[in-house]
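# Fold and geometry: a report
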Amino acid sequence: MSDQPPAATTPSLLSQTAERVPPHVWFGVSAVFHYLGPSFAVLLFPAVGVLGVAWFRIASAALIFAPITKPWRIFARASRRERVLLLSLGACLAAMNAAFYLALERLPIALVAAIEFVGTIGVALWGLRTGRNWLAFALTMIGVALLIDVPWLLGIGSGAAWSSDPLGLMWATLNGGLFVLYIILGHKIAQAGASGGVERLGAAMSAAFFFVIPIGLLDAIDAFDKPILVLAGVGVGICSSVIPYVCDQLAMSRLPRSSFALLLALLPATATIIGVIVLRQMPGLVDLAGVALVMLGVAIHRQSKI
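Counting of residues starts from 1 at the beginning of each chain's written sequence and follows it residue by residue. Side-chain atom pairs in this predicted model are given and counted only at pLDDT of 80 or more, local residue features only at pLDDT of at least 70, and totals for whole chains, interfaces and linings cover all residues. Excluding hydrogens and water, the side-chain figures rest on all heavy atoms present in the structure.

### As for the overall build of the protein chain
Strands are runs of DSSP state E lasting at least two residues, helices are runs of H or I lasting at least four, and both sets are numbered from the N terminus onward. In terms of helices and strands, the protein chain carries 14 helices and zero strands. Only protein chains enter the area calculation, which uses a 1.4 Å probe; residues under 20% of their type maximum are buried, those over 50% are exposed, and those in between are partly exposed. Out of the 306 residues belonging to the protein chain, those deemed buried represent 51%. In what follows, residue pairs with any heavy atoms lying within 4.5 Å of each other are defined as contacts. Taking the contacts inside the protein chain whose residues are at least 6 apart along the sequence as the reference set, 86% of them involve residues at least 24 apart. Calculation of accessible area relied on Shrake-Rupley with a 1.4 Å probe; when residues are assessed, cover is drawn exclusively from the protein chains displayed. Here the protein chain displays about 14,400 Å² of accessible surface, and carbon together with sulfur accounts for 69% of that area.

### Side note on empty space enclosed by the protein
Over the atoms rolls a probe the size of a water molecule, and its path tells where empty space is left. Buriedness for pockets is judged along seven lines, at least five of which must meet protein on both sides within 12 Å for an open set on the 1 Å grid over protein atoms alone, while cavities are sets there where a 1.4 Å probe fits but cannot get out, and lining residues have an atom within 4 Å of a point. Grid points are joined across faces, edges and corners, and a volume is the space filled by probe spheres set on the points. Overall, the coordinates contain two cavities of 30 Å³ or more when judged by the stated rule. Here the largest cavity is characterised by a volume of approximately 190 Å³. What lines the largest cavity is a set of 20 residues, and nearest its centre among them are His-34, Arg-57, Glu-116, Phe-179 and Tyr-245. Secondary structure elements with two or more residues in the lining of the largest cavity: helix 2 (23-48), helix 5 (80-104), helix 9 (166-190) and helix 11 (227-252). It is helix 2 that provides the largest number of residues to the lining of the largest cavity, a total of five residues. Polarity classes work like this: nonpolar for Ala, Val, Leu, Ile, Met, Phe, Trp, Tyr, Cys and Pro, charged for Asp, Glu, Lys and Arg, and polar for all others, with Gly in that last group. Partitioning the lining of the largest cavity into residue classes produces 12 nonpolar, five polar and three charged.

### Re the side chain of Ser-241
The topology assignment puts Ser-241 in helix 11. Under the relative-accessibility criterion, Ser-241 is labelled buried at 0%. Of the polar contacts made by the side chain of Ser-241, one reaches the side chain of Arg-57; its length is 2.7 Å. What Ser-241 contacts, discounting residues up to four positions off in sequence, is Arg-57, Ala-61, Phe-65, Asn-97, Met-205 and Val-236. Residues adjacent in sequence count toward polar contacts only when both atoms are side-chain atoms; beyond that, a polar contact is any pair of N or O atoms within 3.5 Å, and within protein one must be able to donate a hydrogen and the other to accept it.

### Let's talk about the nonpolar core
Working definition of a nonpolar core: buried Ala, Val, Leu, Ile, Met, Phe, Trp, Tyr and Cys residues. They are joined through side-chain atoms within 4.5 Å. Counting 66 residues, the largest nonpolar core has Val-53, Phe-65, Leu-93, Tyr-101, Tyr-182 and Met-205 as its most contacted members. Examining the composition of this core, we find that 12 residues originate from one element, helix 5, more than from any other. Once residues lying within four places of it in the same chain are set aside, the contact partners of Val-53 are Ala-41, Leu-44, Phe-45, Val-48, Tyr-101 and Val-236.

### Some thoughts on the environment of Asn-175
Examined against the element boundaries, Asn-175 turns out to sit in helix 9. By relative accessible area, which is 0% here, Asn-175 ends up buried. Taking the C-alpha atoms as reference, Asn-175 lies 8.5 Å from Val-112; in sequence the two are 63 residues apart. Among all residues touching Asn-175, those that are not within four sequence positions of it are Met-96, Ala-99, Phe-100, Val-112 and Glu-116.

### So, the packing of aromatic side chains
Here the aromatic set is Phe, Tyr and Trp, taking the six-membered ring for Trp, and pairing holds for ring centres within 6.5 Å; pairs whose planes are under 30 degrees apart are stacked, those over 60 apart are edge-to-face, and all others are tilted. Summed over all chains, the structure comprises nine aromatic pairs. A ring pair is formed by Trp-55 and Phe-209, whose centres lie 6.2 Å apart and whose planes are at 55°; its orientation type is tilted. Of this pair, Trp-55 sits in helix 3 (residues 50-69) while Phe-209 is found in helix 10 (residues 194-221), placing the two residues 154 residues apart along the sequence. Measuring from ring centre to ring centre gives 6.1 Å for Phe-56 and Phe-224, while their planes differ by 80°; the resulting arrangement is edge-to-face. With Phe-56 in helix 3 and Phe-224 in the loop between helix 10 and helix 11, this residue pair connects regions lying 168 residues apart in the sequence. These aromatic residues form a ring-pair network of at least three members: Trp-55, Phe-56, Phe-209, Phe-210 and Phe-224.

### Looking at the pattern of salt bridges
When a carboxyl oxygen of Asp or Glu lies within 4 Å of a side-chain nitrogen of Lys or Arg, that pair is called a salt bridge. Per the counting criterion, the structure on display carries three salt bridges. For Glu-82, the salt bridge identified is with Arg-200, shortest N-O distance 3.0 Å. Taken as a pair, Glu-82 in helix 5 and Arg-200 in helix 10 lie far apart in primary sequence, 118 residues in all. Its salt-bridge partner being Lys-226, residue Asp-225 comes within 3.3 Å of it at the nearest N-O pair. In this structure Lys-226 comes out as partly exposed when scored by relative accessible area, which is 38%.

### Concerning the confidence of the model for the protein chain
For every residue, the predictor reports its confidence as pLDDT, a number between 0 and 100. This prediction gives the protein chain a mean pLDDT of 76; 69% of its residues lie at or above 70. By mean pLDDT, the top-scoring element of the protein chain is helix 5 (92), and the lowest-scoring one is helix 8 (residues 151-154) (46). Scored below 50 in pLDDT, residues 1-11 makes five contacts in the model with residues more than four places away or belonging to other chains. Of the regions scoring below 50 in pLDDT, residues 152-163 engages in 15 contacts with residues more than four places distant in sequence or in other chains.

### Some thoughts on unusual backbone geometry
The backbone phi angle of Lys-70 is positive, close to 50°, even though this residue is not glycine. For Lys-70, the location among the structural elements is in the loop between helix 3 and helix 4 (71-77).

### Remarks on the packing of helix 3 against helix 11
Between helix 3 and helix 11, the least distance of the axes is 7 Å, while the angle of their chain directions is 65°. Of the two elements, helix 3 crosses helix 11, and the hand of that crossing is right-handed. Residue-level contacts link Val-53, Phe-56, Arg-57, Ser-60, Ala-61, Ile-64 and Phe-65 of helix 3 to Val-230, Gly-233, Val-234, Val-236, Gly-237, Ile-238, Ser-240, Ser-241, Val-242, Tyr-245 and Val-246 of helix 11. Considering only residue class, the contact of helix 3 with helix 11 consists of 12 nonpolar, five polar and one charged. Here an axis means a line fitted to C-alpha atoms, over the contact stretch when the element is a helix, while the angle between two N-to-C directions is reported on a 0 to 180 degree scale. Working rule for handedness: look at the near helix, and if it is turned counterclockwise from the far one by less than a right angle, call the crossing left-handed; if clockwise, right-handed.

Encoded structure:
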């Protein structure tokens, strides 16, 4: 009897679609939902609680992935090394989402995003081997610095925001470190290709569900008798964990890790654009200059092999 799993139409279609669409497009979709999801989540904090929202995010994503990716089959046929990888990514997702929301409860999203991006700098640097890519990196960093309004760069204020809430900064720093781990582990599971990477992601999300139960279930239970809150929690999971993580896998399967890390510089620019469209927050000249530098840096960046 063959040990190979039966052919599936969905993964095959997913692979074909992933190959036809440029990886940068998948990343762009992920970048948009990377900020739409948290904006919806913040609105739920008062009603469900921070950790309750984190539970809904993971639980709803695991529920959606399960019938499509069949995580029990992935774990059954996985090697011991692969199971450790999937469990590690699951634990990372659970802890990262909880830390991210705990930081958002206490700090502005721009500051949390800035700290989150700092961790990816090392990942990007690891794969930079040419003068052109170093220039791209410098331009994106200057652009990000302008977007997050670094006080000591602009000569405005004293930078007190960085020390105004030590506990919030601790959660934001933890989230930033776990985000780097997510990139590293996510790239490892993406090596299985577009469809295989998404299947492994579904298995990791199922593992994340078990890790997040002791973290947020008690807070989430209070919302179970309120259908609107439950639907809102599911919406957060779709916007925050299903769409962006799947798109990440489709991009990671075709982009080197360092290139993906550098593209993450687009996140602050994306946040500015979403602020204009959704929140009617018009950017100033400094913000526009930051967006332009980020876009220029990404445009001249050339993929490395790492």
